[in-house]
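Geometric and topological summary
Here's the letter readout for the chains.
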Amino acid sequence: MNTREFIEKYGEEDIASVALKIRQYPDVDAAFALQQIGGRQCALHKLPTIASIEDWHWAKRLNIEQCSGEKACLYKRQIAADLLRHITNRHARAIGADLTGGLGADTVFLSTLFSEWHYVEKDAELCRLAEHNFNLLTGRKIIIHNQQAEEFAATLNYRMEKVSERLVVENVSERLVVENVSERSIVEKVSERSTILDFLYIDPARRDKSGNKVFRIADCTPDIAQLYPTIRKIADIVMIKLSPMLDINDALNWIPETNEVHIVATQGEVKEVLLIIRTQDQRADGQSSNKNSDVQAGEVRQTEPYMQQFPERLLKHNAIIHAVDILNNETIDFAFTAAEEQNAVCPYTEQITEGDIIFEPNAAILKAGAFRLIAQRYNLLKAAPNTHIYKMYEGQMYDVRRIPGRIFRVEKVLDKKLRKTLVGTYANIICRNYPVKADELKKQLRTKDGGDRYIIGIRIGNTPTLLLCTNVPLALRTDVRCERSETFSTIERSETFSTIEHSETFSTISNTKDN
């Protein structure tokens, strides 16, 4: 039995048991076979499209764990497609690049939009795997560069400057060709405008030399702050992926020219922060700018002092922030500006009682900091300035399918007597601006994890309050009038709201296994 036959035969089995069996097959490359079996199993749910490609060669498990998931890749592809529409005269022959190629997942999805794509990766082994894997994709022109991102960017910038100088004094012959990146392409690009690439993507490594996780821009590799002055010269559109742990303010302090910030969550967990810079707009204006207009705010009910949250440069340039939650069959995008959040006002509730409907924003909105705007947009009452739980007005109609987050119905407000009845019962504990954390509250109440009930600890004003609630799943939501007599057992299944469809198939991927 050779290595490929072994992988096909034992590819679905537990990797630990496969490691024991492989000793019986001396003709099998054990290290390669185990890496392929373990890699594919790791990628089955994270990257199902790529995992379905026959004979795809997988990198080490760490590379798979660090790469973007398929849903995030599809979202980035949608962003890139929308941005490219602004340069439609060049869309059919657009050139793009990933300066931190890694496993190649982003290249697989993004490269479908471009007539020429450049995969840049400093690791020789990843480049070797990429050369094999990209040959399995049809209809793509993907050029592999085994070099540092800084070196690739500097080389393009140098060639672009040299061609620009020559264009001033002579007509350049179509005969000129340079290794990997054709000088003719550069000539055509530079004669049309001032950059080579239409789109540039970069995802700095977020581990230091010791393998420890880092998230500050200056600690990542490559250092975006140092590299950015070069990449902004060679690309019309720049997309930078950053750690979900990074504070948005810090990112914008490093790159104040940012036009858009996308905070991307999948299944309720923030996975990526993306910065979008349209450098051609800034060159046209001769300065950092953003032409986006404010998103219209809703009715204002009362005012409150504003606690500064966004940097002045973000308010000035009016970058649009997208809080994106990618669910199984839909993507919900809550878009706003820092100025809008600054100017938003929201009312506060004095109490939450049995029968009330409450709402918790999704993780992307909480990360984005749209704490008051969410109340204004959806006409909600906030529990307290630092308690990001909201109450729906009694007697008002709400389209709860469109509200981006979790919705609960309050069954009981727990006093000391009712708390004693919870001992030994199952419940999910949530604490939002409550005096103790969820684990400590669980110990105090002596409950067990699980079940369909939620105990939510919050502050209403300055008063700690415990609420016993039931969740309203998204699939069961429909238009609802918030009245205390209503129960959610009568809610009918309805079509859910979606802004981005994920049904797109990639006909350019060939050699896939039959399901």
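The structure presented is a predicted model; accordingly, all values stated were derived computationally and were not measured.

**Description of helix α9 (residues 124-134)**
Looking only at α9, the buried set comprises Leu126, Cys127, Leu129, Ala130, Asn133 and Phe134. In a view along the axis of α9, the buried residues occupy a sector of 160°, so they form one face of it. The secondary structure elements touched by the buried residues of α9 are α5 (61-66), α8 (105-110), β2 (116-120) and β3 (142-145). For α9, the N-terminal cap is Asp123; the gap from its side-chain oxygen to the backbone nitrogen of Glu125 is 2.9 Å.

**Considerations on the nonpolar core**
Formed by 60 residues in total, the largest nonpolar core has its most connected members in Leu99, Leu200 and Ile240. The element best represented in this core is helix α12 (residues 224-234), accounting for 5 residues. Beyond its immediate sequence surroundings of up to four residues, Leu200 is in contact with Ala97, Leu99, Ile231, Ile234, Ala235, Ile237, Val238 and Met239. If you look at the next biggest cluster of nonpolar residues, it comprises 47 residues, including Cys42, Trp56, Ala94 and Val108.

**Some details on the confidence of the model for the protein chain**
Here the protein chain shows a mean pLDDT of 80. Residues at 70 or above account for 75%. For the stretch residues 287-308, pLDDT sits under 50, and the model shows 56 contacts to residues farther than four places along the chain or on other chains. A low-confidence stretch, residues 484-515 stays under pLDDT 50, and its non-local contacts, those more than four residues away or across chains, total 74 contacts.

**Considering the pattern of salt bridges**
A full pass over the atoms with the stated rule returns 23 salt bridges. Of the charged contacts in the structure, one is a salt bridge between Lys76 and Glu272, with a shortest N-O distance of 3.3 Å. One end of the pair, Lys76, is in helix α6 (residues 70-84); the other, Glu272, is in strand β7 (residues 269-278), with 196 residues separating them in the sequence. Judged on exposure class, the residue Lys76 and its partner Glu272 are both buried. Overlapping salt bridges, with partners in common, bring together Lys76, Asp106, Asp203, Lys241 and Glu272 in one network.

**Here's the deal with the environment of Val261**
For Val261, the position within the fold is in strand β6 (residues 260-266). Among the residues examined, Val261 registers a relative accessible area of 0% and is labelled buried. Residues Val261 and Ala368, spaced 107 residues apart in sequence, show a C-alpha to C-alpha distance of 9.0 Å.

**A word on the sheet that holds strand β11 (residues 380-384)**
Spatial ordering of the open sheet is given by β11-β12-β10-β14-β17-β16-β15, a layout of 7 strands whose pairing is mixed. Of all the strands in the sheet, just β11 and β15 (426-432) have a single pairing partner and so form its edges. The average undirected angle you get between the axes of adjacent strands in this sheet is 40°. Here strand β10 (residues 357-361) runs beside strand β12 (residues 387-392); their pairing, made up of 2 bridges, is antiparallel. Looking across to β12, one finds that Ile358 is bridged to Lys391. The sheet contacts of helix α20 (residues 438-445) involve β15, β16 (448-460) and β17 (463-472), and relative to β15 the element is tilted by about 135°.

**Observations regarding the sheet that holds β6**
The strands that make up a sheet pair up through hydrogen bonds in the backbone, lying either parallel or antiparallel. If you walk across this open sheet you meet the 9 strands as β3-β2-β1-β4-β5-β7-β6-β8-β9, and the pairing is mixed. Looking at strand neighbours, the two that pair on one side only are β3 and β9 (331-337), the edges of this open sheet. Adjacent strand axes in the sheet meet at a mean angle of 15°, parallel and antiparallel pairs treated alike. Alignment of strand β1 (residues 95-98) against β2, held across 4 bridges, turns out to be parallel. By the bridge assignment, Ile95 is partnered in β2 with Glu116. Along the sheet, α6 contacts β4 (197-202), β5 (235-242), β6, β7, β8 (320-326) and β9; its crossing angle with β7, the most-contacted strand, is approximately 20°. Across the face of the sheet, α9 comes into contact with β2 and β3 while running at roughly 165° to β3.

Thresholds applied
Residues numbered from 1 in each chain as written. Predicted model: local features only at pLDDT ≥ 70, side-chain atom pairs only at ≥ 80, totals over all residues. Heavy atoms only, no water. Buried < 20%, exposed > 50% of the residue type's maximum accessible area, 1.4 Å probe, protein only. Helix = DSSP H or I, 4+ residues; strand = E, 2+ residues; numbered from the N terminus. Arc of directions from axis to C-beta. Contact = heavy atoms within 4.5 Å. Polar contact = N/O pair within 3.5 Å; in protein donor to acceptor, adjacent residues only side chain to side chain. Core = buried A, V, L, I, M, F, W, Y, C linked by side-chain atoms within 4.5 Å. pLDDT = per-residue confidence, 0-100. Salt bridge = Lys/Arg side-chain N within 4 Å of Asp/Glu carboxyl O. Pairing = 2+ DSSP bridges. Axes fitted to C-alpha atoms, helices over the stretch in contact; angles between N-to-C directions.

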